[in-house]
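# Structural description and commentary
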Amino acid sequence: KGWVRSVGTASVDNKQGFGFVGLGDTVSVIDITRPDEQFAADPVTGLPIGLTLLPPSLQNEPIVKRIQIPGAGTITDTLATTDLSRVFVATNAGVAVIDAFTLQLVDVGNGGGKMIPIPGGVTALAIDPAGRYLYAAGQGKIHIIDLLPSSDKYHQVAQTIDVYAPAS
């Protein structure tokens, strides 16, 4: 028995229809695709109908699971990959990663940690179009996190760019 290494590419086609909403230190996973619900996906655009700014009990969407993020402080943003395989969670302590298939936190550190630490925390997230880097905006900085599994810097801050961010 041994390992087989693929030389091709793979893609993920996740059609689970989950939405991920952060509140406090917990991400609520909600079902947004059941057609018999008032706020199911629009058949033309595929976007959720009526999911305004959620709460009032998550606008009639059932909560599938709640995922607490230890040491998160407060969640400030959530962002799913384009293939819906992972969800990145910006927090006051850094970035956590959720596996969108198993709905579990991913170990992101060498010691099995659940957080990519970023001093000062993260307020917003973006992924480059190729899905290679995650950009995490912090206080006067953009932290570039490597998303390539074969990289030595996988799930680590590969670079930090200082940006001018005047106090409001």
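Reading the values: rules and limits
- Residues numbered from 1 in each chain as written.
- Predicted model: local features only at pLDDT ≥ 70, side-chain atom pairs only at ≥ 80, totals over all residues.
- Heavy atoms only, no water.
- Helix = DSSP H or I, 4+ residues; strand = E, 2+ residues; numbered from the N terminus.
- Buried < 20%, exposed > 50% of the residue type's maximum accessible area, 1.4 Å probe, protein only.
- Pairing = 2+ DSSP bridges.
- pLDDT = per-residue confidence, 0-100.
- Contact = heavy atoms within 4.5 Å.
- Axes fitted to C-alpha atoms, helices over the stretch in contact; angles between N-to-C directions.

## Remarks on the environment of I30
Along the chain, I30 falls in strand β2 (residues 26–31). Looking at I30, the relative accessible area reads 1%, which means it is buried.

## Quick word on the pairing of strand β4 (residues 75–80)
For β4 and strand β5 (residues 86–91), the ladder comprises five bridges, and the chain directions are antiparallel. Within the sheet, the bridge partner assigned to I75 lies in β5 and is T91. What sits between β4 and β5 in their antiparallel hairpin is a turn of five residues, with L84 showing a positive phi close to 60°.

## Remarks on the confidence of the model for the protein
Summary statistics for the protein give a mean pLDDT of 79 and a share of 69% for residues scoring 70 or more. Residue range residues 1–13 is modelled with pLDDT below 50. Its contacts to residues more than four positions away, or to other chains, number three contacts. Low confidence marks residues 49–58, where pLDDT is under 50. Its contacts with residues over four positions away, or in another chain, come to 17 contacts.

## So, the pairing of β5
Across the six residues that make up β5, a large majority, six, are buried. Relative to strand β6 (residues 94–99), β5 runs antiparallel, the two being bridged by five bridges. Following the sheet pairing, V89 is matched in β6 by A96. Between the antiparallel neighbours β5 and β6 lie two residues.

## Focus: the sheet that holds strand β9 (residues 124–127)
Spatially, four strands are ordered β9-β10-β11-β12 in an open sheet, and the strand pairing comes out antiparallel. Either end of the sheet is taken by a strand with one partner, and the two such strands are β9 and β12 (157–162). Looking at each pair of strands side by side, their axes are set apart by 20° on average, direction ignored. Sheet topology places β9 next to strand β10 (residues 133–138); four bridges connect them, and they run antiparallel. The residue of β10 that forms the bridge with I127 is L134.

## Some words on the environment of P70
Secondary-structure assignment places P70 in the loop between β3 (63–68) and β4. Take P70: its relative accessible area is 54%, and that puts it in the exposed class. Along the chain, P70 and M115 lie 45 residues apart, while their C-alpha atoms are 8.5 Å from each other. If we skip the residues at most four places from it in the chain, P70 touches L105 and M115.

## Section: the environment of A124
Structurally, A124 is set in strand β9. Taking the C-alpha atoms as reference points, A124 and A90, separated by 34 residues in sequence, lie 6.6 Å from one another. The residues touching A124, leaving out its near neighbours within four places in the chain, are D77, Y135, A136 and A137.

## With respect to unusual backbone geometry
In this model, L84 sits at a positive phi of 60°, which is unusual for a non-glycine residue. The residue L84 is located in the loop between β4 and β5 in this model. Of note, H155 is a non-glycine position whose phi angle comes to about 55°, a positive value. Tracing the backbone through its elements, the reader meets H155 in the loop between β11 (141–146) and β12.

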